[in-house]
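Geometric and topological summary
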Amino acid sequence: MSVTMTVNGTTITRSVEPRTLLVHFLRDEAGLTGTHVGCDTSQCGACTVLLNGDAVKSCTVLAVQANGAEVVTIEGLEQEVLHPVQQGFWEKHGLQCGFCTPGAMLTASYLLSTNPHPSETDIRDALDGLLCRCTGYETIVRSVQRAQEIMDERQTEERETKIG
Amino acid sequence: MADVIGSALKRHEDVRLIRGKGQYTDDIKLPGMLYAGIVRSPHAHARLVKVDVSRALKMPGVVAAFTGADLKDEVGFIPTAWIPPDSDMKMPPHPALAVDMVRYQGDGVAVVIAQTPAQARDGVDAVEVEYESLPAVTNPFAAAQEGAPLVHEDIAGNVAFHWKVGGDVEEIFNRAEVVVRQEFRQQRLVPNAMEPRSAVAQWNPATEELTLWATTQNPHIHRLLMSGILGIPEHKLRVVAIDVGGAFGSKISCYPDEIIVSWAARRLNRPVKWTETRTENFTVTSHGRDHVQEVALAGTKDGHIEAIRVKTYANLGAYLSTAAPGVPTILFGLIVNGAYAIPEASAEVYGMLTHTTPVDAYRGAGRPEATFLVERMVDLYAHAINKDPLEVRNINLIPAEAFPYTNPFGLQYDSGNYQGALAKALEIVDYAAFRREQENLRQQGKYIGIGFSTYVEMCGLGPSEVAGAVGFQGGLWESATVRVHPTGKVTVFTGASPHGQGEETTFAQIVAQELGVPPEDIEVVHGDTSKIAMGWGTYGSRTTVVGGAAIHLADQKVIAKARKIAAHKLEVGEDDVEFEQGIFSVKGLPARAVTFQEAALDAYLAWSLPAGMEPALEGTAFYNPENFTYPFGTHIAIVSVDPDTGDVELMRYVAVDDVGVVINPMLVEGQIHGGLVQGIGQALYEGVEYDTNGQLMTGSFLDYAMPKARFFPKFETAHTTTPSPHNPLGVKGVGETGAIASTPAVVNAVMDALAPFGIQDLPMPLTPRKVWQAIASKGGHMHVHDAI
Amino acid sequence: MFTTPFDYRNAHSVQDVIEWLQEDPDNTKILAGGHSLLPLMKLRLSTVSHLIDIGQIPELQGIVLSDNELRIGAFTRYVQLVRDPSVALAAPLVAEAARVIGDLQVRNRGTIGGSLCHADPAADLPAALLALGAELEIAGPAGKRREDIDSFFLAPFITTLAPGEVLTAIRIPRIAQGARSIYLKRPHLASGYPIIGVAAWVVLRDAQVDSCRIAITGIGSVPFRAFSAEQMLVGQTFTRDVILRAAEQVASDQSFDDDDDGYKANLCRVYVTRALAALGNQG
């Protein structure tokens, strides 16, 4: 079946078997191997991407279901500068082996897009669909908090630049 | 330049990882690549009656299919790399694909190779296998009983080895005032690194070289073992681990799957990839722990421990995995006295074969099993003599002035101040106030508890002479090459193989500090046998301790040569040159100076080098430690138990660790946090269960409770610093401390909370149902605290 | 990780679905959010020859609040239930239950209709919908019908849906004025599914129970209403003792599988008690 989707701003069309999962479409057809497969029961969240702006587990979406959709993967998070979530994870040691990290960062960016000032409990709850075996999660929580600060800082800068 | 060692430098590896540009094995795609799927036994124990791949070969996209019969004449048995001395060890033959018997659920019986991974999976389903199911045994104690099904027909009683260490303690037990006995079940755990294992093999027919990209912690050990198994000489075999997504011991082992794809790539002359599913990971990637322990402690009525005696049935699974025999012996038995000055000790270990997934190292590997039993026994002993567990610890902890301290098994603890770490922890937790609050809450029917773990562990594996003496079939030294380029940029080659720990950064910090080069000018290369001559990999909290020390020695060689070049240029004697922060200067004349970078350029131009000096600037060193290192500390857990549901809530967790000199405090904290969550996971959540047929009942993330973010409070961490006296950097290692220390702290805390019910011990994990059952059996009843 | 091959069709109307379902009823499945079906297919515990995607059917979408009821299209994702103001107003219990389903990624995909038709005994929404007396709109080859949710679940993973039938919408009567409601869940540590989930609401008049409903999921073979406890509560003063008696009633009315130690019965008692006590403390 022919599937067309916009991945990180680029439209791609491929012919795939209906059983192709979105995660395999991204990794094998779009060549974006930053999205990882960590389990086969939809628990671990390593494969999380943004599908039309919503965080979803790309291992539990068929590529054909994403026909016509906009997808953002880890490779699309950075614009001219690192995304605040990337910067936050870097500064606060939110990753060790890096395998769950793309899923963690997209989950975090989704959380901050829907809840710009989450409490620590909000953050820990939002990470319920993410398994990380390295960090013990606390540095991920700090990373998300730092990302939120960076977002606020950048907004303030933007406002000041406009006024200036 | 400020000190780089000791600073919380952001990680170098993150630059790629936060952009999704890591290169994990499953990310590799080669032209013409084929995909392998492995047919696995659904039975724990069965005779293979028939394996027929003919239907699979007709499936779309299937290129080839092989069975154990196809491999058996070309592929050798997979050996273990650890043979404990004086143990009469029997090594059962371990074929990469089973030939006539399957011995655990997941044992491979055939491989199907196809154009796409999905076609390989379809092909797996098309292989027809006929099994004759046989009775299975999964528990190591049960396996030792008469009449238990045999895992390997010629290994009587399923005993792979019997190992004993320590003195005769019977006399002490016979006359002791107090003897405490307890059985502990160290439950089996699944390491569950988030990256499933993967292997990609490519055969080059022109050079007759095989390249294997694999998820491994120790590519050189893989190369060594695989060259023997596959009959490909080491110089024609390259093993590469680029980015590895966590391991925790589970990627030490040399696995059948990696051997199968390597053999198939050569046979088919096409690259072949295999990547496990999580379901496969649960059944075939090595598990950890799994002991049945009988422990006895002898002491006086006033709190002096006189002896400890341990008898353990350690489950090794169906075959002996790479490091498996070393884990419950050397890494366990030699340290069962823990941090206490116990005069006499003995440990006896039965290494048991069962119809289960092979067991190997899992974060801590042996030391958690030892630390747990001694920390729990101290609490049980305190209870038996009606003393506070803290008081008993104070009486028995090895005093600071006793270091270096030789334990009853002859290990020499390098340095320590155990009381100092305990004191620091008690600055964070007001113990007396806690006990008052606990009493008040008990009056209201609420139960909180506190648990201590004043642990020590053996790290930084290790002295190669000792490795040989304890039966490890390799060395445990480490290699480093520090290559300075003409522009003064530096490439560091290490034989360690970090996979998340962050040594690309830590090692750059060591080199930056010592050579005075900016950290961003340093690249650390690891995990490729074609680039690094030899090394022993990353496990046992050894990477910074042993690998870092090797880099330090290599740095000294570089500095010594650069100093000669600088002295030559400055026209002074070598002894008149000082080196500080990257600048060679004449003593007392700081203006007369040569930068490190200038010396490097001179070394390569070689226009004017001291007489007889070879060009270039590079140092290679091999560090063979003279002893292990012994990190220690005090962990305190505070929990509450809900008697209505059995829920255990971790309210506070305090970790004071002494890991010697800290190179990057941010990374050290990260290691401790990660270890804590795994250790607490063992205490409260995680545990493998098999049914009576040997079927894994906890074979997915739906059943096996992995720790999640919302299970934990903020951790409270602190340090004391007692440098290791024999390590040139003073470091002790930090990878395993959290996992080793935390499990008994949490269990001690829960038992403290349950003390009013007369409950002294429960087997891990302390699930709500288990805790509730125990309370209910002691007459606990429902309270409705929140009711109107 | 790889399902068996299947063909995929994207339906644009309920009529499409009904027709296509009849072509090969035994080997055809409806794909809604996919969060129950796809994991089973990936593990090859379910093999399907034809998948009908119902994600593009306007009739199955949308939440409409009228004077006396809320109509929720079957293809409404959990996240929409959490965020929709009319759900919050007319059936806050549904939003509360949806908020604790799975994790946020699952809530962004899973649908109310998918959850009901899959009929996993450990699902959150059925408890809320039972407590609210929801009615299901079903379309099939024989036309449309409505069914009370009380009779919908027959056994684990089995409902009254006949071959060729499609769940199209869920109708929920507006919750009584002044009602206090709660969904109290005990998630399984690994899977996140409810070990027990108690949905309850109560209307108190002068501290007396005017009306109430209690529904429970996760712990039985199907989600169930606690009828006798509800009856017992009506007309009683909502005190601690009454709550404890009601909870005892719920637990003793049920027999639980795998419960030799009485743990499940105890959880039932504890969670009903806590849910009702929390209602008492509201307002």
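Residues numbered from 1 in each chain as written. Chains lettered and ligands numbered in written order. Predicted model: local features only at pLDDT ≥ 70, side-chain atom pairs only at ≥ 80, totals over all residues. Heavy atoms only, no water.

Now for the overall build of chain C. If you tally the helices and strands in chain C, you get 11 helices and 14 strands. Here the C-alpha radius of gyration of chain C, 19 Å, is about what a compact globule of 283 residues would show, namely 19 Å. Overall, the C-alpha framework of chain C stretches about 60 × 45 × 35 Å when taken along its three principal axes. In chain C, which comprises 283 residues, the proportion classed as buried is 58%. At a minimum sequence separation of 6, the contacts of chain C that also span at least 24 residues come to 60%. Roughly 10900 Å² of accessible area belongs to chain C as shown, and the carbon and sulfur atoms make up 48% of that amount. (Helix = DSSP H or I, 4+ residues; strand = E, 2+ residues; numbered from the N terminus. Rg over C-alpha atoms; globule rule 2.2 N^0.38 Å. Buried < 20%, exposed > 50% of the residue type's maximum accessible area, 1.4 Å probe, protein only. Contact = heavy atoms within 4.5 Å. Areas by Shrake-Rupley, 256 points an atom, 1.4 Å probe, with all protein chains shown as cover.)

Turning our attention to the interface of chain C and chain B. Each partner contributes to the interface: chain C provides 35 residues, whereas chain B provides 29 residues. Across the chain C/chain B interface, buried area totals approximately 2600 Å², and carbon plus sulfur atoms make up 58% of it. Two residues, C:Arg44 and B:Asp122, come together in a salt bridge whose shortest N-O distance is 2.5 Å. Viewed at the interface, chain B and chain C are joined by 12 residue pairs in polar contact (both at pLDDT 80 or more). Put simply, the parts of the chain that give the side of chain C that touches chain B at least two residues each are strand S11 (180-187), helix H10 (240-253) and helix H11 (263-281) of chain C. If one sorts the elements of the side of chain C that touches chain B by residue count, H11(C) sits on top with 12 residues. (Buried area = accessible area lost by both parts, 1.4 Å probe. Salt bridge = Lys/Arg side-chain N within 4 Å of Asp/Glu carboxyl O. Polar contact = N/O pair within 3.5 Å; in protein donor to acceptor, adjacent residues only side chain to side chain.)

All right, on to the confidence of the model for chain C then. With 100% of its residues at a pLDDT of 70 or more, chain C shows a mean pLDDT of 97. Both scores are available for the predicted complex, with the pTM at 0.98 and the ipTM at 0.98. (pLDDT = per-residue confidence, 0-100.)

Taken as a whole, this structure holds 0 disulfides over all chains when the rule is applied. Its sulfur unpaired, A:Cys44 is 3.9 Å from the next cysteine sulfur, which belongs to A:Cys39. Considering cysteine sulfurs only, C:Cys212 is the nearest to C:Cys268, which forms no disulfide, with 15 Å between them. (Disulfide = S-S within 2.5 Å.)

Before going further, it helps to spend a moment on H11(C). Residue and element names in this part refer to chain C. Given a rise of 1.5 Å per residue, 19 residues ought to cover 27 Å, and the 26 Å separating the end C-alpha atoms of H11 matches this to within 8%. Most of H11 sits out of view: 14 of its 19 residues are buried. Just past H11, the residue Gly283 takes up positive phi, approximately 75 degrees. (Expected span 1.5 Å × (residues − 1).)

What follows deals with helix H18 (residues 596-605) of chain B. Residues and elements named next belong to chain B. Those residues of H18 lying buried are Phe596, Ala599, Ala600, Asp602 and Ala603. Each buried residue of H18 sits inside an arc of 160 degrees when the element is viewed along its axis, so together they form one side. Just past H18, the residue Ala606 takes up positive phi, approximately 55 degrees. (Arc of directions from axis to C-beta.)

With that out of the way, let us pick up the UniProt feature "domain: FAD-binding PCMH-type" (unreviewed entry) in chain C. Mapped onto this structure's residue numbering, the UniProt feature "domain: FAD-binding PCMH-type" (unreviewed entry) falls at residues 1-177 of chain C. Spanning residues 1-177 of chain C, this segment combines 31% helix with 25% strand, and its end C-alpha atoms are found 49 Å apart. (UniProt positions renumbered as here; feature names shortened; annotations may be inferred.)

Mapped onto this numbering, the UniProt entry gives "domain: Aldehyde oxidase/xanthine dehydrogenase a/b hammerhead" (unreviewed entry) at residues 19-135 of chain B. Between the C-alpha atoms that bound residues 19-135 of chain B the distance is 50 Å, and the span itself is 15% helix and 30% strand.

Turning our attention to the domain arrangement of chain B. All names here are of chain B. Taken domain by domain, chain B comprises domain 1 (32-134 + 210-246 + 251-267), domain 2 (288-461 + 627-777) and domain 3 (477-623). Placing a centre on the C-alpha atoms of domain 2 and another on those of domain 3 gives a separation of 40 Å. Listed by partner, the interface residues are 19 residues for domain 2 and 18 residues for domain 3. Taking both sides of the interface into account, the surface hidden between domain 2 and domain 3 amounts to around 1300 Å²; carbon and sulfur atoms contribute 62%. It is Leu461, Ile663 and Leu729 that lose the most area in domain 2 upon contact with domain 3, and together they represent 37% of the buried surface on that side. Applying the counting criterion to the domain 2 and domain 3 interface returns 0 salt bridges. In this structure, the connection of domain 2 to domain 3 is made through 8 residue pairs in polar contact (both at pLDDT 80 or more). (Domains from an automatic or database assignment.)

Looking now at the nonpolar core. Across soluble globular proteins, you tend to see nonpolar side chains buried next to one another. B:Tyr413, B:Tyr653, B:Val750 and B:Leu754 are the most contacted members of the largest nonpolar core, which totals 165 residues. Tallying contributions element by element places helix H11 (residues 367-384) of chain B first for this core, with 9 residues. Membership of the second largest hydrophobic core comes to 53 residues, among which are A:Phe89, A:Tyr110, A:Ala126 and B:Phe282. (Core = buried A, V, L, I, M, F, W, Y, C linked by side-chain atoms within 4.5 Å.)

What follows concerns the packing of aromatic side chains. Residues and elements named next belong to chain B. Counting across every chain of the model gives 27 aromatic pairs over all chains. Consider the rings of Tyr405 and Tyr413, whose centres lie 5.7 Å apart with planes at 55 degrees: the pair is tilted. Each member of the pair, Tyr405 together with Tyr413, is buried. When the ring of Phe579 is compared with that of Phe584, the centres are 4.2 Å apart and the planes differ by 20 degrees; the resulting orientation is stacked. On the basis of relative accessible area, Phe579 is assigned to the buried category, the value being 17%. Taking relative accessible area as the criterion, Phe584 reaches 0% and is therefore assigned buried. (Phe/Tyr/Trp six-rings, centres within 6.5 Å; stacked < 30°, edge-to-face > 60°.)

In this section: the pattern of salt bridges. As enumerated under the stated definition, the model contains 70 salt bridges over all chains in all. The partner of A:Glu149 in a salt bridge is A:Arg146, and the shortest N-O contact between them spans 2.8 Å. In this pair, A:Glu149 and A:Arg146 both sit in helix H5 (residues 138-163), 3 residues apart, roughly one turn of the helix. By relative accessible area, A:Glu149 is classed as partly exposed at 40%. Among the residues examined, A:Arg146 registers a relative accessible area of 15% and is labelled buried. Each of A:Glu17, A:Arg19, B:Arg121, B:Asp122, B:Asp125 and C:Arg44 takes part in one network of salt bridges that share partners.

Attention now moves to the packing of helix H2 (residues 84-91) of chain A against helix H3 (residues 101-114) of chain A. All names here are of chain A. It is at 9 Å that the axes of H2 and H3 come closest, and there the two elements cross at 125 degrees. Classified by the angle their axes make, H2 and H3 are oblique. The element H2 and its partner H3 pack so that their crossing is right-handed. Along its contact with H2, which presents Val85, Gln86 and Phe89, the element H3 presents Thr101, Ala104, Met105, Ala108, Ser109 and Leu112. The class makeup of the residues in the contact of H2 with H3 is 6 nonpolar, 3 polar and no charged. (Axes fitted to C-alpha atoms, helices over the stretch in contact; angles between N-to-C directions. Parallel < 35°, antiparallel > 145°, perpendicular 65-115°, else oblique. Left-handed = near helix turned anticlockwise from the far one by under 90°. Nonpolar A, V, L, I, M, F, W, Y, C, P; charged D, E, K, R; others polar.)

Before going further, it helps to spend a moment on the sheet that holds strand S10 (residues 209-214) of chain B. Residue and element names in this part refer to chain B. Spatially, S3-S5-S1-S12-S9-S10-S11 is the arrangement adopted by the 7 strands of the open sheet, whose pairing is mixed. Single-partner strands in this sheet number two, and they are strand S3 (62-67) and strand S11 (237-240). Strand-to-strand twist in this sheet, taken as the mean axis angle between neighbours without regard to direction, amounts to 20 degrees. Here S3 runs beside strand S5 (residues 108-114); their pairing, made up of 5 bridges, is antiparallel. Within the sheet, the bridge partner assigned to Phe66 lies in S5 and is Val111. Contacts from helix H4 (residues 117-126) reach strand S1 (34-40), S3 and S5 within the one sheet, and its direction differs from that of S1 by about 25 degrees. Here helix H7 (residues 219-230) sits on the sheet and contacts S10 and S11; the angle it forms with S11, its principal contact strand, is near 140 degrees. (Pairing = 2+ DSSP bridges.)

Taken together, the 53 residues of chain B in the interface contact 43 residues of chain A. Summed over both sides, the interface between chain B and chain A buries roughly 4300 Å², with carbon and sulfur atoms accounting for 54% of that surface. Of all residues in chain B, B:Ile18, B:Met194 and B:Ala709 give up the largest surface area on contact with chain A, accounting jointly for 17% of the area buried on that side. Where chain B touches chain A, the interface holds 8 salt bridges. Between B:Arg710 and A:Asp128 there is a salt bridge, with the nearest N and O atoms lying 2.7 Å from each other. Connecting chain B to chain A are 28 residue pairs in polar contact (both at pLDDT 80 or more). Mapped onto the side of chain B that touches chain A, the elements with two or more residues apiece are helix H1 (14-17), H4, helix H9 (278-284) and helix H19 (665-684) of chain B. Tallying contributions element by element places H19(B) first for the side of chain B that touches chain A, with 9 residues. Residue classes in the side of chain B that touches chain A are distributed as 24 nonpolar, 14 polar and 15 charged.

Bringing the domain arrangement of chain C into the picture now. Residue and element names in this part refer to chain C. Domain boundaries in chain C define domain 1 (7-53), domain 2 (59-173) and domain 3 (181-281). A straight line from the C-alpha centre of domain 1 to that of domain 2 covers 19 Å. Every contact between the two is made by 12 residues of domain 1 and, on the other side, 18 residues of domain 2. Together, the buried faces of domain 1 and domain 2 total about 1100 Å²; carbon and sulfur atoms form 76% of this surface. When residues of domain 1 are sorted by the area they lose upon contact with domain 2, Val14, Ile18 and His35 head the list and together hold 43% of the total. Linking domain 1 to domain 2 there are 0 salt bridges. Our count for the contact surface shared by domain 1 and domain 2 stands at 1 residue pair in polar contact (both at pLDDT 80 or more). No other element matches helix H1 (residues 14-23), which puts 5 residues into the side of domain 1 that touches domain 2.

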